[in-house]
Amino acid sequence: MNQIAVFASGNGSNFQSLIDAEKRGELQAQVKLLVTDRPDSYVVFRAKREGIPVFAFRPKEFENKSQYEKVIIQKLQEFQIDFIVLAGYMRIVGKDLLEAYPNRIINLHPSLLPAFPGKNAIEQAYLYGVKWTGVTVHFVDAGIDTGPILLQEVVEIRDEDTIETLEERIHQVEHQLLVKAVNLVFDPSYQFIERAK
Ligand code: GAR
């Protein structure tokens, strides 16, 4: 069975949606480990409640990214993780992790990339005044939200929206799309088509 680790830094509603899909028998993978850079975040509480092992670290306690990523890789190997899902992980993945899991890391991002990469993407789109935004799941490369796109879904920004109502609709779409993306990468008949840049 495909064994995944989810990386998250905050609330963890997307981590929860993967766990819930797995419990319903709708996820073609097993969530084996939560990795977090925020030991006090709510996602840690969720993982403990669900009986999922947690590897929590504080980046400040390491000299650099390479040092903590080496420790993460050891943990991933210990848990025989084949694939990594970034679901609200607010750090840039470094060379060590990318080389250990080539084309085996996906990231969830709350905009229609390449528009609004980086932090606060929902707010960026709302304040820019675009009428349509959305959700993207993409493979992770060395850039910031630049890797090959796996799935996208559009979300309309309505005149009456506040950032909060928009955020809520984006999250609803994310919870479905991330499960779909995980199932897609593990579907043996799926062929990823990347366009030449
Ligand atoms: C999600 O909206 C996710 O797309 C975003 O963080 C949120 C985490 O929510 N990720 C990024 O912005 C990454 N650049 P959650 O903790 O409730 O799953």
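Position labels on residues start from 1 in each chain and follow its written sequence. Where totals are concerned, whole chains, interfaces and linings use all residues; where local detail is concerned, this predicted model gives features only for residues with pLDDT of at least 70, and gives and counts side-chain atom pairs only at 80 or more. Side-chain figures throughout are based on the complete set of non-hydrogen atoms in the structure, without hydrogens or water.

Engineer: Which parts of the structure should I look at to understand unusual backbone geometry?
Structural biologist: With the exception of glycine, the majority of residues adopt a negative phi angle, and the majority of peptide bonds are in the trans configuration. The amide bond that connects Leu 113 to the next residue, Pro 114, takes the cis arrangement and shows omega of 10°. Each helix corresponds to a stretch of at least 4 residues labelled H or I by DSSP, and each strand to a stretch of at least 2 residues labelled E; elements are numbered beginning at the N terminus. In this fold, Pro 114 is placed in the loop between strand 5 (105-109) and helix 5 (121-128). Positive phi values are uncommon outside glycine, yet Gln 80 reaches one of about 50°. Topologically, Gln 80 is positioned in the loop between helix 3 (65-78) and strand 4 (83-86).

Engineer: Where do I start with the packing of aromatic side chains in this structure?
Structural biologist: When we look at a pair of aromatic rings, we describe it by the centre distance and by the angle of the planes. Stacked, edge-to-face and tilted are the three classes for Phe, Tyr and Trp ring pairs, Trp counted by its six-membered ring, which pair at centre distances within 6.5 Å; planes under 30 degrees apart are stacked, over 60 edge-to-face, the rest tilted. Applying the stated rule across the entire model yields nine aromatic pairs. Between Phe 62 and Tyr 68, the ring centres sit 6.0 Å apart and the planes meet at 70°, which makes this aromatic pair edge-to-face. Put simply, the rings of Phe 55, Phe 57, Phe 62 and Tyr 68 pair up and form one aromatic cluster.

Engineer: Hey, could you run me through the site of the ligand in this one?
Structural biologist: Here a residue counts as near a molecule or strand whenever at least one of its heavy atoms sits within 4 Å of it. Inspection of the region around the ligand gives Asn 11, Gly 12, Ser 13, Asn 14, Gly 88, Met 90, Leu 108, His 109, Pro 110, Gly 118, His 171 and Glu 174 as its neighbouring residues. Think of a polar contact as two N or O atoms within 3.5 Å of one another; within protein, one of them needs to be a possible hydrogen donor and the other a possible acceptor, and neighboring residues in sequence only count if both atoms come from side chains. The contact in question runs from an oxygen atom of the ligand to an N or O atom on the backbone of Asn 11, over 3.4 Å. Within the side chain of Asn 14, a nitrogen or oxygen atom sits 2.8 Å from an oxygen atom of the ligand. Note that accessible areas follow from Shrake-Rupley with a 1.4 Å probe, and for residues the cover is restricted to the protein chains shown. Protein coverage of the free-state accessible area of the ligand, which is 450 Å², stands at 89%. Any residue with an atom within 4 Å of a point lines the site, the site being either a cavity, points on a 1 Å grid over the protein atoms alone where a 1.4 Å probe fits but cannot get out, or a pocket, an open set with protein on both sides within 12 Å along at least 5 of 7 lines. For a cavity or pocket, the test is whether more than half of a molecule's atoms lie within 2 Å of its grid points; if they do, the molecule sits there. Judged by its atoms lying within 2 Å of the grid points, the ligand is housed in the largest pocket. Of all the elements in the fold, those that place two or more residues in the shell around the ligand are helix 1 (13-23), strand 5 and helix 6 (163-185). Three classes are used, and their members are as follows: Ala, Val, Leu, Ile, Met, Phe, Trp, Tyr, Cys and Pro are nonpolar, Asp, Glu, Lys and Arg are charged, and the others, Gly among them, are polar. Tallied by class, residues from the shell around the ligand come to three nonpolar, eight polar and one charged.

Engineer: I tried to follow the pattern of salt bridges on my own but got confused; where do I start?
Structural biologist: Between Lys or Arg on one side and Asp or Glu on the other, a salt bridge is scored when a side-chain nitrogen of the former is within 4 Å of a carboxyl oxygen of the latter. A complete count under the given rule lists 10 salt bridges for this structure. The shortest N-O distance in the salt bridge between Asp 37 and Arg 91 comes to 2.7 Å. Note that Asp 37 is positioned in the loop between strand 2 (30-36) and helix 2 (42-50) and Arg 91 in the loop between strand 4 and helix 4 (95-100), a separation of 54 residues in sequence. By relative accessible area, Arg 91 is classed as partly exposed at 31%. A salt bridge links Lys 95 to Glu 99; the shortest N-O distance between them is 3.3 Å. On the criterion of helical spacing, the pair formed by Lys 95 and Glu 99 is a turn pair, its members being four residues apart in helix 4. Several salt bridges share partner residues, and in doing so they unite Lys 23, Arg 49 and Glu 50 into one network. Under the scheme applied here, a residue whose accessible area is under 20% of the maximum for its type counts as buried, over 50% as exposed, and between as partly exposed, the area being computed with a 1.4 Å probe on protein chains only.

Engineer: Sorry if this is basic, but what is going on with the pairing of strand 6 (residues 132-139) here?
Structural biologist: In the case of a regular strand, side chains alternate between the two sheet surfaces. Of all eight residues in strand 6, seven are buried; the element is thus mostly enclosed. A pair of strands is treated as paired once DSSP finds two or more bridges between them. Looking at chain direction, strand 5 and strand 6 are connected through four bridges and run antiparallel. Opposite His 109, over in strand 6, you have Thr 136 as the bridge partner. Bridging between strand 6 and strand 7 (residues 149-156) involves seven bridges; their strand directions are antiparallel. Bridge pairing in strand 7 places Gly 134 opposite Val 154.

Engineer: Help me understand the UniProt feature "domain: Formyl transferase N-terminal" (unreviewed entry) in the protein in this model?
Structural biologist: According to UniProt, the "domain: Formyl transferase N-terminal" (unreviewed entry) feature falls on residues 3-182. Secondary structure within residues 3-182 divides into 38% helix and 22% strand; the distance between the first and last C-alpha atoms comes to 11 Å. UniProt positions are given in the numbering used here, feature names are shortened, and annotations may be inferred rather than shown by experiment.

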